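Structural characterization, general
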Amino acid sequence: MNNISAKETRSGKPTAAIACYKLTKIFNDGASEVKVLSNVNLTVQRGERVAIVGPSGAGKSTLLHILGGLDTPTGGRVLIAGNDMAQLTDADRSHIRNQYLGFVYQFHHLLPEFTVLENVCIPLLIRGVTPPEAQEKALALLSKVGLEHRYKHKLGELSGGERQRTAIVRALVTDPVCVLADEPTGNLDSRTAERVYQSMLDLNNELNTSLVIVTHDLTLANKMDRILHLENGGLELFVQ
Ligand SMILES: Nc1ncnc2c1ncn2[C@@H]1O[C@H](COP(=O)(O)OP(=O)(O)OP(=O)(O)O)[C@@H](O)[C@H]1O
Ligand SMILES: [Mg+2]
């Protein structure tokens, strides 16, 4: 994957964190077709924070999965840090995901039998970081979100908000270019949600990570640089 760094420096300036062009997604189950995305264009700059809102079933999660290389579009292109995902092999796509992206899901997808520290270290260890270095990095970030006293606890012993903060640290610990978050505060009470997204925004500021957040929470959406509304397959600037 030596071509990645070459692409980033060729133009002399960093490429957009994520871009998609004329994205279309049609689900076809044999009997019927559901057109979820139609001609969606989006460019997320480095450090930029974008919220995506829209009604249930509009295709927000579908869009996020495609932007993150977890699903393939029916038509159009996705570029992650300048790399055209359709041109890559499966192995290279996984490499790009691991190298450039972080994911936060509504239901955290952490490993309950492992400690907070272990959960956060896993993405670093996968990248070949040594265990002492991984632990140092993980502890530094955990302390920024107020979890330094919880790092030896198993995930199963934490509250919902603590788990979600752990998930955010895990998504950011590898210094990704962009974090894709699908309703990261969706199942938390409003005070805990506020704390969780403040942690996310603080880390985003400090690390200059781009954020694309799907949310129903307009208080969170209003903290972003842009709010986009997805409905009837199209993405438009949200007007309040
Ligand atoms: N694998 C699939 N096969 C067929 N249809 C699908 C598939 N995944 C999603 N859909 C359909 O695509 C549409 C968009 O789904 P998606 O999950 O992206 O919506 P959403 O905007 O995230 O909704 P919510 O706010 O409820 O999470 C829905 O009508 C859904 O039923
Ligand atoms: Mg969804």
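Residues numbered from 1 in each chain as written. Chains lettered and ligands numbered in written order. Predicted model: local features only at pLDDT ≥ 70, side-chain atom pairs only at ≥ 80, totals over all residues.

Our focus in this paragraph is the sheet that holds strand β4 (residues 75-80). Read from one edge of the open sheet, four strands run β2-β1-β4-β5, paired in antiparallel fashion. Of all strands in the sheet, those with a lone pairing partner are β2 (33-44) and β5 (83-84), marking the two edges. In the sheet, strand β1 (residues 18-28) pairs with β4 via five bridges, with the strands oriented antiparallel. Its bridge partner being in β4, Y21 is matched across the sheet by R77. This element, helix α2 (residues 60-67), spans β1, β2 and β4 of the sheet and lies at about 125 degrees to β1. (Pairing = 2+ DSSP bridges. Helix = DSSP H or I, 4+ residues; strand = E, 2+ residues; numbered from the N terminus. Contact = placed C-beta atoms within 7 Å. Axes fitted to C-alpha atoms, helices over the stretch in contact; angles between N-to-C directions.)

Here we take up the packing of helix α4 (residues 116-126) against helix α6 (residues 160-172). At their nearest, the axes of α4 and α6 sit 8 Å apart, and the two run at 25 degrees to each other. The pairing of α4 with α6 is recorded here as roughly parallel in orientation. Crossing of α4 over α6 shows right-handed handedness. Contacts between α4 and α6 involve V116, N119, V120 and P123 from the former and T166, V169 and R170 from the latter. Class assignment for the residues of the contact of α4 with α6 results in four nonpolar, two polar and one charged. (Parallel < 35°, antiparallel > 145°, perpendicular 65-115°, else oblique. Left-handed = near helix turned anticlockwise from the far one by under 90°. Nonpolar A, V, L, I, M, F, W, Y, C, P; charged D, E, K, R; others polar.)

For residues besides glycine, phi is generally negative; the peptide bonds are generally trans as well. Backbone geometry places A81, a non-glycine residue, at a positive phi of 45 degrees. Here A81 is to be found in the loop between β4 and β5. You will see that D175, though not glycine, has its phi angle at about 55 degrees, which is positive. Its location among the elements puts D175 in the loop between α6 and β7 (178-182).

Before going further, it helps to examine α4. Within the sequence span of α4, burial applies to V116, N119, V120, C121, P123 and L124. At its buried positions, α4 is contacted by α5 (131-144) and α6. Two residues or fewer after α4 comes G128, characterised by a positive phi angle close to 95 degrees. (Buried ≥ 20, exposed ≤ 12 C-beta atoms within 10 Å, placed from the backbone.)

To continue, consider the pairing of strand β9 (residues 226-231). The sheet contact formed by strand β3 (residues 49-53) and β9 spans four bridges and is parallel. By the bridge assignment, A51 is partnered in β9 with I227. Judged from the four bridges that link them, β9 and strand β10 (residues 234-237) form a sheet pairing that is antiparallel. Considered in β10, the bridge of L230 is made with L235. In textbook terms, the turn of a hairpin is the stretch between consecutive antiparallel strands, and for β9 and β10 this stretch comprises two residues, one of which, N232, has a positive phi near 50 degrees.

Bringing the sheet that holds strand β6 (residues 101-104) into the picture now. Taken in spatial order, the six strands make up an open sheet running β6-β7-β8-β3-β9-β10, and their pairing is mixed. With one partner strand each, in any of the chains shown, β6 and β10 form the two edges of the open sheet. The sheet shows a mean angle of 20 degrees between the axes of neighbouring strands, direction not considered. Pairing analysis gives four bridges linking β3 to strand β8 (residues 210-214), with the strands arranged parallel. Note on β8: the bridge partner recorded for I52 is V214. Relative to β8, α2 is tilted by about 150 degrees, and along the sheet it contacts β3, β7, β8 and β9.

For the rest of this paragraph, the subject is the site of ligand 1. Neighbouring ligand 1 are F27, D29, V34, V36, G54, S56, G57, A58, G59, K60, S61 and T62. Contributions of two or more residues to the shell around ligand 1 are made by β2 and α2. The element that contributes the greatest number of residues to the shell around ligand 1 is α2, accounting for three residues. For the shell around ligand 1, the per-class residue count stands at four nonpolar, six polar and two charged. (Near = placed C-beta within 6 Å.)

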